[in-house]
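# Architecture at a glance
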Amino acid sequence: MASVKITESLFGITKNQNEIKKYTLSTSDGFEVALINYGATIQSIRQPDKNNQTTEITLGYDNLQGYIDDKCCFGCTIGRVTNRIKNGRFELDGVVYDLPKTDSTTKHYLHGVFNKRVWDSSTENGDTVVFKYQSPDGEGGFPGRVNVTVKYTLTSDHRLILDFRGTTTKPTPINMTNHVYLNLAGDASGSVLDHQLMVPAKNFIVLDEELIPTGEIASVENTPYDFRTSTRIGDRINESFDGFDMMFIVDGDGKRSFGKLLHEQSGRAITIESTQKGLQFYTGNFLDGVKGRNGAIYNKHGALCLETQNYSDSVNNQPLFPSIILDPDEEYHQQ
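Bear in mind the structure is a predicted one, so any value in this text is a computation, not a measurement.

## Observations concerning the overall build of the chain
A tally of regular secondary structure across the chain gives one helix and 29 strands. Taken along its principal axes, the extent of the C-alpha atoms in the chain is 60 × 50 × 35 Å. A total of 335 residues make up the chain; the buried ones form 54% of that total. Considering only intrachain contacts with a sequence separation of at least 6, the fraction spanning at least 24 residues in the chain is 63%. A total accessible area of about 14300 Å² is found for the chain, and carbon and sulfur atoms account for 44% of it. With 33 positive and 43 negative side-chain charges, the chain shows a separation of 3 Å between the mean positions of the two kinds.

## A short note on the UniProt feature "active site" (unreviewed entry) in the chain
When the UniProt feature table is mapped onto this chain numbering, "active site" (unreviewed entry) sits at His179 and Glu307. Maximum C-alpha separation among the annotated residues is 6.3 Å over a sequence range of 129 residues, consistent with a single clustered spot. Lining the largest pocket, from the residues just named, are Glu307. Here His179 lies in the loop between strand 16 (177–178) and strand 17 (196–198). Not counting residues within four places of it along the chain, the set of residues in contact with His179 comprises Cys72, Cys73, Phe74, Gly75, Cys76, Ile78, His111, Cys305 and Glu307. Of the polar contacts made by the side chain of His179, one reaches the backbone oxygen of Cys73; its length is 3.5 Å. On the secondary structure map, Glu307 appears in strand 27 (residues 305–309). Those residues within four positions of Glu307 in sequence are excluded, and the remaining contacts are Thr82, His111, Thr177, Asn178, His179, Gly278, Leu279, Gln280 and Tyr282.

## Re empty space enclosed by the protein
Applying the stated rule across the entire model yields two cavities of 30 Å³ or more. Taken as a whole, the largest cavity spans an internal volume of roughly 70 Å³. In this structure, the largest cavity is lined by Asn83, Arg84, Ile205, Leu207, Leu211, Pro213, Asp245, Met246, Met247, Gln280 and Ser312. Among the elements that take part in the lining of the largest cavity, strand 21 (residues 245–249) stands out by supplying three residues, more than any other. Considered class by class, the residues forming the lining of the largest cavity number six nonpolar, three polar and two charged. Approximately 50 Å³ is the volume attributed to the second largest cavity. Considering the residues around the second largest cavity, the lining is formed by Tyr38, Thr41, Tyr67, Asp70, Cys73, Phe74, Cys76, Asn115 and Lys116. Residue composition of the lining of the second largest cavity, grouped by class: five nonpolar, two polar and two charged.

## Observations regarding the layout of surface pockets
Looking at the largest pocket, its volume works out to about 910 Å³. Ranked by residue count, the leading element in the lining of the largest pocket is strand 23 (residues 268–274), at six residues. Here the lining of the largest pocket is composed, by residue class, of 15 nonpolar, 12 polar and four charged. Lining the second largest pocket are 34 residues; nearest its centre among them are Lys71, Cys73, Thr102, Leu110 and His111. Listed by contribution, the elements that provide at least two residues to the lining of the second largest pocket are strand 10 (109–110), strand 24 (278–282) and strand 25 (288–291). Of the residues that constitute the lining of the second largest pocket, the class distribution is 13 nonpolar, 11 polar and 10 charged.

## Looking at the UniProt feature "binding site: beta-D-galactose" (unreviewed entry) in the chain
Feature annotation in UniProt assigns "binding site: beta-D-galactose" (unreviewed entry) to the following positions: Asn83, Arg84, His179, Val180, Tyr181 and Asp245. Lining the largest cavity, out of the annotated residues just given, are Asn83, Arg84 and Asp245. Not counting residues within four places of it along the chain, the set of residues in contact with Arg84 comprises Asp103, Tyr109, Leu110, Glu210, Leu211, Ile212, Asp245, Phe286, Ser312 and Asp313. In this structure, Val180 sits in the loop between strand 16 and strand 17. Residue contacts for Val180: discarding those within four places in its chain leaves Ile42, Thr58, Gly75, Leu304 and Cys305.

## Remarks on the side chain of Asp70
In this structure, Asp70 sits in the loop between helix 1 (64–69) and strand 6 (77–78). There is no salt bridge for the buried Asp70, and the closest opposite charge comes from Lys116, which lies 4.8 Å off by N-O distance. A polar side-chain atom of Asp70 sits 2.7 Å from the main-chain amide nitrogen of Cys73. At 3.2 Å, the side chain of Asp70 and the backbone nitrogen of Phe74 are in polar contact. The contacts of Asp70, once residues within four sequence positions are left out, are Tyr61 and Lys116.

Calculation criteria
Residues numbered from 1 in each chain as written. Predicted model: local features only at pLDDT ≥ 70, side-chain atom pairs only at ≥ 80, totals over all residues. Heavy atoms only, no water. Helix = DSSP H or I, 4+ residues; strand = E, 2+ residues; numbered from the N terminus. Buried < 20%, exposed > 50% of the residue type's maximum accessible area, 1.4 Å probe, protein only. Contact = heavy atoms within 4.5 Å. Areas by Shrake-Rupley, 256 points an atom, 1.4 Å probe, with all protein chains shown as cover. Lys, Arg positive; Asp, Glu negative; His and termini not counted. Charge placed at Lys NZ, Arg CZ, Asp CG, Glu CD. UniProt positions renumbered as here; feature names shortened; annotations may be inferred. 1 Å grid on protein atoms, 1.4 Å probe; cavity = no way out; pocket = protein on both sides within 12 Å on 5 of 7 lines; lining within 4 Å. Polar contact = N/O pair within 3.5 Å; in protein donor to acceptor, adjacent residues only side chain to side chain. Points joined across faces, edges and corners; volume = space filled by probe spheres on them. Nonpolar A, V, L, I, M, F, W, Y, C, P; charged D, E, K, R; others polar. Salt bridge = Lys/Arg side-chain N within 4 Å of Asp/Glu carboxyl O.

Below you can see the structure in the form of structure tokens.
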């Protein structure tokens, strides 16, 4: 059985003199995950292929400045609320809250500010990195002071467990995820259109032309979104918008299968389990020649994201959507 170890190093120093630490979790048989406390970010995942050749399989940067300037959310923790909120506005308990309009159209809220914050960090049990952040009341336009913790645990059999927790002083929306970009062929290998994806979802959330939910939930049957059997992404991508940027609804409660991503040529695969409600599937549609680590250039469809989360725009009275409001007597917990 492989063993796990953690090594710690200095990744950089911010202009406010905050030290950014890098934690590398590795198994004795060659699997490696690197994390930084800027944005509680997955900075790197290196995985052997079927010929035992180890390659970087996530998009990212070599240095701290890359993450400070980053507009793609490579590998970071997203919050308080991931995904889009229509018109950057919601009402809670009779109060209207206005949020920054940060999506590509500058009409809607997208993702939040946790990815641009320095988190407190520590290690535990020899296999876990713990990131903590206190979000002040009003940060990013949201009510309540929120304390959040994200734990990353690597097991000897190559499971990476992400554990999200949060508490609040006032009722507030919270819906967190990790935004890692994956390319199982290697981060500089080109498009992910030859990857095969399986997601056990019978339904998806219908979006308008600005990627905002209409409130309708539809069957994947006879649509480009039917991935209930393993399907080559490139065979479906031209039937979608300009690539995929949509949410599957994965039925059930508790931790359950959310699917599998496979790259046959390398033999690499990732299986996903989650306690969440949905899976956001994004094929890097807005990558436009981003310069990444080791001089790699990341172009459109050069990676994909599989983000487990609650439904997009749930705060705007979508009657079929689960609530994402956290009350002061509750704990947010997803894995």
